[in-house]
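# A structural walkthrough
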Amino acid sequence: MTTAHHSTSPQAVDIAIVGGAMAGATLALGLAKLSATLARPLRIALIEAHVATNTHPGFDARSIAIAHGSIFELTRLGIWPMLKHLGTPIENIHVSDRGHFGMTELNAKPLGLDALGQVVELAKVGSILFDELAKSSVQVYCPAKVTDLQPQQDGHLLSLDDGSQLHCQLLVAADGAHSVVRQHLGQTTEQIDFQQTAIVANVTTNQPHQHWAYERFTQTGPLALLPMQNMTALPAQSQESSVQIKEASAQLKASAKGHARFSLVWALPPAQADELKNADKTEFLAALQHAFGHRVGQFVDVGQRVSYPLTLSYMPRPIYHRCVFVGNAAQTLHPIAGQGFNLGLRDVVGLLDVIEHALIQANGEVDLGDSDIVHQYLAARQSDRDNTLRNIEFLVRGFSNQHWPLVAGRNIGLRLLSWLPPLKRPVAQTAMGWR
C-alpha cells in the first residue's frame, strides 16, 4: 500500500476513487490488474476515510449474499480466490408467504451448479482486500477524507484532510449512501420510503442449516435468513469490543453443539422494530419464531441487533462532469432480494469494461474523464439498473401488501413455480445476478 505524503502541488492521477469499501476496493483492484497490461500504467488513487477493521461502516458485522454471477465476475478479476474460504454456499433457497399457501424452492443442482451464491461476513473481507491493495500499484490514502472538491475543465481537484491534493481525470464516487462526493457536487437522489425498518443480527438455531437460505414474506415485511459458517475460533481481542467477544464466545459454544448460524434481516414497521431491537433475548426469539415458524428448528440465540430504515434511493443519472457514481453512492436498495452488492458490482464491472475498451481503442493514451467515456458508462448500466430498481419496488410493494387480489396473485405465482419447474430457470438466473 502506498501511503500519502503532503505535497505543495497536486498529485496527478488518471483515476481517483473515493470510498474503499466493497465497491471501491474491488474497482481499485480491477483497475490495477488492467493497468498491469498497459504500456503506460494507470495512475490510480483510492481515498478511504476508515481503516479496514470490523468498525468500518462498509466492512461491519453484516453478511452479504454474493450471487453466482457476481462470483463469476470476482473470479475474473482475481478477487474471489482470496475470499473463497470465507464463503458459505447457498445450495437452496426456500421462499414462502406466511399464513398462505404460496411457497417454492430454487435449487442449485437442477441448474448444474454447486451453489446459487455464497454468503460472506463483511468484517472478514475488508482486511483481505486492503492487504491485496498494499501489494498493488494503487496509491491508497487511508485514513483520509475529502474536505474540498473543485470540478475543473480537465478533471477534479481534491483536497484531503491530511493536507494532500490530487488532480484526477476521472473521479469515481464509491463512498456509500451518504456520498460526500455527491454532496460536494450538489447532486440529489430520488427516494422511496417503504415505511419499514430492518433489524439485522446473527441468530443461532438448534439444527444445521444444510446450506439453505430462506425468504419469508410476513404481514410486516420480508424476513430473510442466510446460512453462515460456524465459529471455529474466537477473534483477536484487540479488534473486537467486549460485546462482540461475548457474542463470538456464545456462537463458538453453539457451533460445538452442532447448532447453525444464520444472518437475519427482518423488515418491520418502525415502532415494532424499535421495540424488538431493545427487547430481551427471550422475547425477541419468541417473536422471531412466531414470524418465521419452525422450518429451521428452534431459534436459541441472537447476537447484537442493529437497525436501519429501509428506503430505495437512487440517482436518476449516476454521472456528472468527469465523474461516475457506483454502488451505494448511485443507489441503495431494499434488502428484499439481496441485490445491493450484486448491482453495485455490476456497476464496477461495467465501468471497468468501458475503460478497458477506451484504452484499447486509443492504444493506451486516452483522457479517462472524457464525456464520451462517462456517457458510455451511463448507457452500459441504464437497462440493468432500471430493471433492478423497478423489480425491487415491485417485490416490496407486492409482498408487503395484504390486499386480497395481490395476496392471491403472488401465492398462485409461487405455486406455479413449484408446479412448473421450467419457470424457475429465469427466476433463478435473476436471483443469481445474471443479466
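Residues numbered from 1 in each chain as written. Predicted model: local features only at pLDDT ≥ 70, side-chain atom pairs only at ≥ 80, totals over all residues. Heavy atoms only, no water.

Moving on, we get to the overall build of the protein chain. Of the regular secondary structure elements, the protein chain holds 12 helices and 20 strands. Sorting the 435 residues of the protein chain into buried and exposed places 53% on the buried side. For the protein chain, restricting intrachain contacts to residue pairs at least 6 apart in sequence, the fraction spanning at least 24 positions comes to 76%. Within the structure as shown, the protein chain displays about 19,300 Å² of accessible surface, and the carbon and sulfur contribution to it stands at 54%. (Helix = DSSP H or I, 4+ residues; strand = E, 2+ residues; numbered from the N terminus. Buried < 20%, exposed > 50% of the residue type's maximum accessible area, 1.4 Å probe, protein only. Contact = heavy atoms within 4.5 Å. Areas by Shrake-Rupley, 256 points an atom, 1.4 Å probe, with all protein chains shown as cover.)

Another point: unusual backbone geometry. A cis amide bond, omega -5°, links Cys142 with the succeeding residue Pro143. When you line up the elements, Pro143 lands in the loop between β8 (139–141) and β9 (146–152). One non-glycine residue with positive phi stands out, namely Gln195, at about 55°. Even without being a glycine, Arg322 presents a positive backbone phi close to 55°. Considering the arrangement of structural elements, one finds Arg322 in the loop between β18 (319–320) and β19 (323–325). For Arg322, a relative accessible area of 10% puts it in the buried group.

Moving on, we come to the packing of aromatic side chains. Considering all chains together, one arrives at 5 aromatic pairs under this definition. Ring geometry for Trp212 and Tyr214: centres 6.3 Å apart, planes at 25°, overall stacked. Of the two residues examined, Trp212 and Tyr214, each falls in the buried class. With 6.0 Å between their ring centres and 80° between their planes, Phe292 and Phe299 make a pair best called edge-to-face. Accessibility classification places Phe292 together with Phe299 in one group, the buried group. Among the aromatic residues, those joined into a cluster by ring pairs are Trp212, Tyr214, Phe262, Phe292 and Phe299. The ring of Phe284 carries Arg305 above its face, with NZ or CZ at 4.6 Å from the centroid. (Phe/Tyr/Trp six-rings, centres within 6.5 Å; stacked < 30°, edge-to-face > 60°. Lys NZ or Arg CZ within 6 Å of the ring centre and 35° of its normal.)

In terms of nonpolar packing, the biggest core is built from 55 residues, with Ile17, Leu31, Leu133, Val172 and Ile355 touching the most fellow members. Top contributing element to this core by residue count: helix α9 (residues 340–361), with 10 residues. (Core = buried A, V, L, I, M, F, W, Y, C linked by side-chain atoms within 4.5 Å.)

This brings us to the side chain of Thr88. In this structure, Thr88 sits in strand β4 (residues 88–90). A distance of 2.9 Å separates a polar atom in the side chain of Thr88 from the backbone nitrogen of Gln229. Leave out the neighbours within four places in its chain, and Thr88 touches Gly117, Gln118, Val119, His209, His211, Pro227, Met228 and Gln229. (Polar contact = N/O pair within 3.5 Å; in protein donor to acceptor, adjacent residues only side chain to side chain.)

Okay, helix α4 (residues 122–134) next. When the terminal C-alpha atoms of α4 are compared, their 19 Å separation across 13 residues agrees well with the 18 Å that a helix rising 1.5 Å per residue should span. Within the sequence span of α4, burial applies to Leu122, Val125, Gly126, Ile128, Leu129, Phe130 and Leu133. In this structure, the buried side of α4 is in contact with α1 (22–35), β2 (44–47), β3 (63–67), α3 (80–83), β7 (117–121) and β8. (Expected span 1.5 Å × (residues − 1).)

Strand order in the open sheet formed by 3 strands is β3-β7-β4, with antiparallel pairing between adjacent strands. Of all the strands in the sheet, the pair left with one neighbour each is β3 and β4. Between one strand axis and the next, the sheet turns by 30° as a mean value, whatever way the strands run. Relative to β7, β3 runs antiparallel, the two sharing 5 bridges. (Pairing = 2+ DSSP bridges. Axes fitted to C-alpha atoms, helices over the stretch in contact; angles between N-to-C directions.)

Per-residue confidence for the protein chain gives a mean pLDDT of 85, with 79% of residues at or over 70. Scored below 50 in pLDDT, residues 1–5 makes 15 contacts in the model with residues more than four places away or belonging to other chains. Below pLDDT 50 for its whole length, residues 403–417 participates in 30 contacts with residues either more than four positions away or in separate chains. (pLDDT = per-residue confidence, 0-100.)

The next subject is the state of the cysteines. Throughout the structure, instances matching the rule amount to 0 disulfides. Here Cys323 stays unpaired: no disulfide links it, and the sulfur of Cys168, its closest cysteine neighbor, is 8.2 Å away. (Disulfide = S-S within 2.5 Å.)

Moving on, we come to the packing of helix α2 (residues 68–76) against α9. For the pair α2 and α9, interaxial distance at closest approach is 10 Å and the crossing angle is 40°. As summarised for this structure, α2 and α9 are arranged oblique, according to the angle between their axes. With respect to the hand of their crossing, α2 and α9 are arranged in left-handed fashion. From α2, Ser70, Glu73, Leu74 and Arg76 reach across to α9, where they touch Phe341, Asn342, Leu345, Val349 and Asp353. Here the contact of α2 with α9 is composed, by residue class, of 4 nonpolar, 2 polar and 3 charged. (Parallel < 35°, antiparallel > 145°, perpendicular 65-115°, else oblique. Left-handed = near helix turned anticlockwise from the far one by under 90°. Nonpolar A, V, L, I, M, F, W, Y, C, P; charged D, E, K, R; others polar.)

Across all of its chains, the model carries 13 salt bridges by this definition. With a shortest N-O distance of 3.8 Å, Arg76 and Asp353 are connected by a salt bridge. Here Arg76 is found in helix α2, whereas its partner Asp353 is found in helix α9, with 277 residues between them in sequence. Taking the relative accessible area as the measure of exposure, Arg76 reaches 39% and is therefore partly exposed. A salt bridge links Arg261 to Glu121, with the shortest nitrogen-to-oxygen separation between them at 3.4 Å. In this pair, Arg261 is assigned in strand β15 (residues 260–268) and Glu121 in strand β7, connecting sequence segments 140 residues apart. Residue class for Glu121 comes out buried when judged on its relative accessible area of 15%. (Salt bridge = Lys/Arg side-chain N within 4 Å of Asp/Glu carboxyl O.)

Next up on the list: the environment of His375. Here His375 is to be found in helix α10 (residues 371–399). On a C-alpha basis, the gap between His375 and Arg322 in space is 9.7 Å, while along the polypeptide they are 53 residues apart. Beyond its immediate sequence surroundings of up to four residues, His375 is in contact with Arg317 and Ile319. Within the local environment of His375, its side chain forms a polar contact with the backbone oxygen of Ser371, the two atoms lying 2.9 Å apart.

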